[in-house]
Amino acid sequence: RALARRLHATYLDTGALYRAVTLAALRKGIPITDGERVAKLAKSLAIRILPPAPGEDRERILLDGEDVTAAIRSQEVDAVVSKVAAIPEVRAALLPIQRDLASKGHVVMAGRDITTVVVPDAGVRIYLNASPEERARRRYVELQSRGCHTDYETVLREIRQRDLADMSRPVAPLRAAPGVTIVETDGRTISEIVEEIAQLALRVWKEQCGEDGSISSDSARDTSAGC
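What comes next is a walk through the structure. Since this is a predicted model, take the numbers as computed values, not measurements. (Residues numbered from 1 in each chain as written. Predicted model: local features only at pLDDT ≥ 70, side-chain atom pairs only at ≥ 80, totals over all residues. Heavy atoms only, no water.)

A closer look at the pattern of salt bridges
In the structure shown here, the tally under the stated rule is 19 salt bridges. Close ionic contact of Arg-139 with Asp-78 constitutes a salt bridge, the shortest N to O distance being 2.2 Å. Here Asp-78 lies in helix α4 (residues 75-85) and Arg-139 lies in helix α7 (residues 132-145), a separation of 61 residues in the sequence. Each member of the pair, Arg-139 as well as Asp-78, is classed as buried. Residue Glu-133 is joined to Arg-160 by a salt bridge in which the shortest nitrogen-to-oxygen separation is 2.6 Å. With a gap of 27 residues between them, Glu-133 in helix α7 and Arg-160 in helix α8 (residues 152-168) connect regions that are remote in the sequence. For Glu-133, a relative accessible area of 34% translates into the label partly exposed. The network of salt bridges with common partners includes Arg-19, Arg-58, Asp-78, Arg-139, Glu-142 and Arg-146. (Salt bridge = Lys/Arg side-chain N within 4 Å of Asp/Glu carboxyl O. Helix = DSSP H or I, 4+ residues; strand = E, 2+ residues; numbered from the N terminus. Buried < 20%, exposed > 50% of the residue type's maximum accessible area, 1.4 Å probe, protein only.)

As structure tokens, then:
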């Protein structure tokens, strides 16, 4: 989000789409293991991503008209979202939505298969890396700030399990695509990381768009920042 603000770009966390499908399946009592029913559900849902509300930082996620921005970040969704994201039919159902959003001007997209599947031809492709321990620490602090009662070891275990599931799934596994820029983030501040990627993006955009930074609609998709 900070990078998108720095670049005056639109931000899209594609994981929110899978979380919305997961939440809907849990609410309807559809077993996560029933890939066919979950995929059918995904195709029937109306999922919208809106700008943050005034005074808020996170984009709003609407599921069939309901604001589920907070609900999709629950621990219940965290525990099974990787299983939903591994269903090929679900990924196929959400892929056109992601590509359509990526085509609309300068976009910073965050997700585990952005540079390998969604927009492999993006002009700027970043593999943002951090150790499981560092990500668990960040997630633990976030959960505590929201009043969620858990412990660091539980969060770390869940993150390691999710990484294993995402890296070993047969469809769109988590991996660094050839030619991406790997940015290590352990022990670094957000502002340092944002500025490093922003300078890379601005340099690429200048090369592709000219001195004034203008960009044609035909080349918009190629200049999205896949993070």
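What follows continues from the structure just given.
Re the sheet that holds strand β2 (residues 47-50)
Taken in spatial order, the three strands make up an open sheet running β2-β3-β4, and their pairing is antiparallel. For this open sheet the edge positions go to β2 and β4 (66-67), each flanked by a neighbour on one side alone. One ladder, built from two bridges, connects strand β3 (residues 60-63) with β4; its direction is antiparallel. Counterpart to Leu-63 in the pairing with β4 is Glu-66. (Pairing = 2+ DSSP bridges.)

Some remarks on the environment of Val-204
Relative to the elements of secondary structure, Val-204 occurs in helix α9 (residues 190-209). Dropping the residues within four chain positions of it, Val-204 is found in contact with Gly-123 and Val-124. (Contact = heavy atoms within 4.5 Å.)

Focus on the packing of α7 against α8
In the contact formed by α7 and α8, the axes pass within 9 Å of each other and the chain directions differ by 125°. Regarding the angle of α7 to α8, the classification is oblique. Considering the relative orientation of α7 and α8, their crossing is right-handed. Contacts between α7 and α8 pair Pro-132, Glu-133, Arg-135, Ala-136, Arg-137, Arg-139, Tyr-140 and Leu-143 from the former with Tyr-152, Val-155, Leu-156, Ile-159, Arg-160 and Asp-163 from the latter. Classifying every residue of the contact of α7 with α8 by side-chain character gives eight nonpolar, no polar and six charged. (Axes fitted to C-alpha atoms, helices over the stretch in contact; angles between N-to-C directions. Parallel < 35°, antiparallel > 145°, perpendicular 65-115°, else oblique. Left-handed = near helix turned anticlockwise from the far one by under 90°. Nonpolar A, V, L, I, M, F, W, Y, C, P; charged D, E, K, R; others polar.)

Digging into unusual backbone geometry
We note that His-8 has phi near 55°; this positive angle belongs to a residue other than glycine. Relative to the assigned elements, His-8 resides in the loop between α1 (2-7) and β1 (10-13). With relative accessibility at 73%, the residue His-8 sits in the exposed group. With a phi angle near 50°, Asp-64 is a residue other than glycine that sits in the positive phi range. Tracing the sequence through the fold places Asp-64 in the loop between β3 and β4.

Section: the side chain of Thr-22
Inspection of the secondary structure assignment puts Thr-22 in helix α2 (residues 15-28). On the basis of relative accessible area, Thr-22 is assigned to the buried category, the value being 0%. Ignoring any residue separated from it by four or fewer positions in sequence, one finds Thr-22 in contact with Val-77, Val-80, Val-81 and Val-84.

Let's talk about the nonpolar core
By size, the foremost hydrophobic cluster in this structure holds 29 residues, and its most contacted members are Val-21, Ile-47, Leu-63 and Val-90. The dominant element in this core, judged by the number of residues it contributes, is α2, at eight residues. Every residue in contact with Val-21, bar those within four places of it in the chain, is listed here: Val-38, Leu-41, Ala-42, Leu-45, Ile-47, Val-84, Val-90 and Leu-94. With 18 residues, the next largest nonpolar core counts Tyr-11, Ile-197, Ala-201 and Val-204 among its residues. (Core = buried A, V, L, I, M, F, W, Y, C linked by side-chain atoms within 4.5 Å.)

Notes on α2
Here α2 spans 20 Å end to end across 14 residues, near enough to the 20 Å set by a 1.5 Å rise per residue. In terms of residue burial, α2 counts as a mostly covered element, since 10 of its 14 residues are buried. Looking only at α2, the buried set comprises Ala-16, Leu-17, Tyr-18, Arg-19, Ala-20, Val-21, Thr-22, Leu-23, Ala-24 and Ala-25. At the C-terminal side of α2, Gly-29 shows a positive phi close to 75°. (Expected span 1.5 Å × (residues − 1).)

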